[in-house]
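Secondary and tertiary structure notes
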Amino acid sequence: MFDQIAQAVAYQKLNIKAPVTVTIKRLDQIHPQISGNKFFKLKYNFLEAQQQGLNKVLTFGGAYSNHIDATAYASYLFGFKSVGIIRGEELATKPLNPTLATAQKFGMQLHFVSREQYRQKDQPDYLGKLNQQFPEHFIIPEGGTNPLAIQGCKEILNAQELQNYDVICCAVGTGGTISGIIEASSEHQSVLGFSALKGDFLQSDVQQWTTKKNWKITDVYCCGGYAKTTPELLQFMQSFEVEHHIPLEQIYTAKMMMGLFDLIEQNYFSQDTRILVIHSGGLQGRHTG
Ligand SMILES: *Cc1c(COP(=O)(O)O)cnc(C)c1O
């Protein structure tokens, strides 16, 4: 069913003065709502739910989660019911932000929980309770990352890309996307992830999904942490868009591009390295606030 909405993906080779080439794969153009990597992460989850005869999904996210929006929209499109367990009790009494308003518009039932409760999102006890409260729901973890998501993300790179590029770059949140890319990557390739979050925990998170060693994740460009920004980042994002006419957003893709440009400037890559950058989308959040 996901095949119907996958549109042809465009490529853009950046015009930069550097001894390497940088090509952007525009996954942000797959679909206006289920954009970028979320499309690949959801695909096999929805197929599995269908296979199990379920037509309801339940998932978890913060107030700005692209995964929440993508899941709400996919559910709407395929006639599923959806429940979003949202971090932050206090949000229940506030006007919905654009991310949550969009999710609700597409039929998602928002269920706000405290931060303490939210932290239990992977605990069998809590999941059991949710199962009673929301019976017959197919549960997708936070950020959509599970083995089915990784299976989907293995399809991000096609045969030509597995051949024609030396380095694959992507933005990292929960690590599901990069894990799929690593699993699919060729022997001659390396995968470089730019973390949107501060901390080393992603290394071990990704290690549980892959045994390969041809990858690296840096948090040097996370600007202090998830959803945090710096004047330098915002400035970079703006000038990048003016120069290359490719929209970015500040949570994931701008941090990745800023990091990549910095590494290129530092001569991190050897001469003539062919770099493919995965533009993972996330723009539905930016345009609406
Ligand atoms: C969710 C998201 C990511 C992170 O994907 P993970 O699989 O969680 O690492 C990267 N970029 C964008 C635009 C996203 O929305």
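Here is a short report on the structure shown in this document. Computed from a predicted structure; not experimentally measured.

Another aspect to go through is the nonpolar core. Among the nonpolar cores identified, the biggest contains 48 residues, and L42, F46, I168, I178, I181 and I278 are the most heavily contacted of them. Here this core takes six residues from helix α1 (residues 37-51), the largest share from any one element. Lining this core are residues from two domains, each supplying at least three of them: domain 1 (3-33 + 147-285) and domain 2 (38-144). Not counting residues within four places of it along the chain, the set of residues in contact with I181 comprises C153, I156, L157, I168, C170, V191 and I278. V167, L248, Y252 and M257 belong to the second largest nonpolar core, which has 31 residues in total.

Tallying each qualifying case throughout the model produces 13 aromatic pairs. With a centroid separation of 4.9 Å and 50 degrees between ring planes, the pair formed by F46 and F80 is classed as tilted. Of the two residues, F46 is situated in helix α1 and F80 in the loop between α2 (66-77) and β4 (81-87); the sequence distance between them amounts to 34 residues. The class of F46 is buried, set by a relative accessible area of 0%. Overall, F80 belongs to the buried group, its relative accessible area being 9%. Measuring from centroid to centroid gives 6.4 Å for F60 and Y118, while their planes differ by 75 degrees, and the two rings are edge-to-face. Of this pair, F60 sits in strand β3 (residues 56-61) while Y118 sits in helix α4 (residues 115-119), and the two are 58 residues apart along the sequence. Three or more aromatic residues joined by ring pairs form one cluster here, namely F46, F78 and F80. Just above the ring of Y118 sits the side chain of R87; from NZ or CZ to the centre is 5.1 Å.

Our next topic: helix α11 (residues 253-265). With 13 residues, α11 ought to run about 18 Å at 1.5 Å a step, and its terminal C-alpha atoms sit 18 Å apart, in line with that. All buried positions along α11 are accounted for by T253, A254, K255, M256, M257, M258, G259, L260, L263 and I264. Structurally, α11 contributes buried residues whose contacts are with β2 (21-26), β7 (167-172), β8 (190-195), α10 (231-244) and β10 (274-279). Looking at the residues trailing α11, positive phi occurs at N267, about 55 degrees.

Another aspect to go through is the side chain of K25. Position of K25 relative to the elements: it lies in strand β2. Of the polar contacts made by the side chain of K25, one reaches the side chain of E161; its length is 3.0 Å. Those residues within four positions of K25 in sequence are excluded, and the remaining contacts are V9, A10, Y11, I156, L157, N158, E161, L276, V277, I278 and H279.

This part covers the site of the ligand. Looking at the ligand, there are 15 residues lining it, with K38, K41, N66, T174 and T177 nearest. Residue N37 places a side-chain N or O atom 2.9 Å away from an oxygen atom belonging to the ligand. One of the backbone nitrogen or oxygen atoms of G176 is found 3.4 Å away from an oxygen atom of the ligand. Here the ligand, which alone exposes 390 Å², has 97% of that area covered by the protein. For the shell around the ligand, the element with the most residues is α1, which contributes three residues. For the shell around the ligand, the class distribution of residues is three nonpolar, ten polar and two charged. Residue contributions to the shell around the ligand reach at least three from each of two domains, namely domain 1 (3-33 + 147-285) and domain 2 (38-144).

What follows covers the pairing of β8. Extensive coverage of β8 is indicated by the burial of five of its six residues. Bridge analysis of β7 against β8 gives six bridges, and the strand direction is parallel. Looking at β8, one finds that C170 is bridged to G193. In the classification by handedness, the crossover that spans β7, the intervening helix α8 (residues 176-184) and the parallel β8 is right-handed. In this sheet, strand β9 (residues 215-218) lies alongside β8 in parallel orientation, the contact comprising four bridges. Residue pairing across strands places G193 opposite I217, the latter belonging to β9. As a crossover connection, the stretch from β8 through helix α9 (residues 201-207) into β9 is right-handed.

As a further point, take the pairing of β2. Along β2, five of the six residues are buried, which leaves the element largely enclosed by surrounding structure. As paired strands, strand β1 (residues 11-13) and β2 are joined by three bridges and run antiparallel to one another. If you follow K13 over to β2, its bridge partner there is T23.

Calculation criteria
Throughout this document, residue positions are counted from 1 along each chain, in the order its sequence is written. For this predicted model, a pLDDT threshold of at least 70 governs which residues receive local features, and a threshold of 80 or more governs which side-chain atom pairs are given and counted, while totals over whole chains, interfaces and linings are taken from all residues. Computation of side-chain values covers all heavy atoms of the structure but excludes hydrogens and water. Here, nonpolar core refers to any group of buried Ala, Val, Leu, Ile, Met, Phe, Trp, Tyr and Cys residues whose side-chain atoms link them within 4.5 Å. Type-normalised accessible area, obtained with a 1.4 Å probe on protein chains alone, sets the label of each residue: buried when under 20%, exposed when over 50%, and partly exposed for intermediate values. Secondary structure counts use DSSP, requiring at least four H or I residues in a row for a helix and at least two E residues in a row for a strand, with both numbered from the N terminus. Boundaries of every domain are those given by an automatic assignment or by a domain database. The contact definition used throughout considers only heavy atoms, calling two residues in contact when any of these lie within 4.5 Å. By convention, a stacked pair of Phe, Tyr or Trp rings (six-membered ring in the case of Trp) has centres within 6.5 Å and planes under 30 degrees apart, an edge-to-face pair has planes over 60 apart, and any other such pair is tilted. We count a charge as sitting over a ring when the NZ of a lysine or the CZ of an arginine lies within 6 Å of the ring centre and within 35 degrees of the ring normal. In this scheme, a helix's expected span is set at 1.5 Å multiplied by one less than its residue total. Polar contacts, as counted here, are pairs of nitrogen or oxygen atoms within 3.5 Å of one another; within protein the pair requires one atom able to donate a hydrogen and one able to accept it, and residues that are adjacent in sequence qualify only if both atoms are side-chain atoms. A single heavy atom is enough: if one lies within 4 Å of a molecule or strand, its residue is considered near that molecule or strand. Method for areas: the Shrake-Rupley scheme with a 1.4 Å probe, in which residue coverage is limited to the protein chains shown. Polarity classes work like this: nonpolar for Ala, Val, Leu, Ile, Met, Phe, Trp, Tyr, Cys and Pro, charged for Asp, Glu, Lys and Arg, and polar for all others, with Gly in that last group. Paired strands are those between which DSSP finds at least two bridges. A right-handed crossover is one whose linking path, passing over the helix from the first strand to the second, runs clockwise when the strands point away from the viewer.

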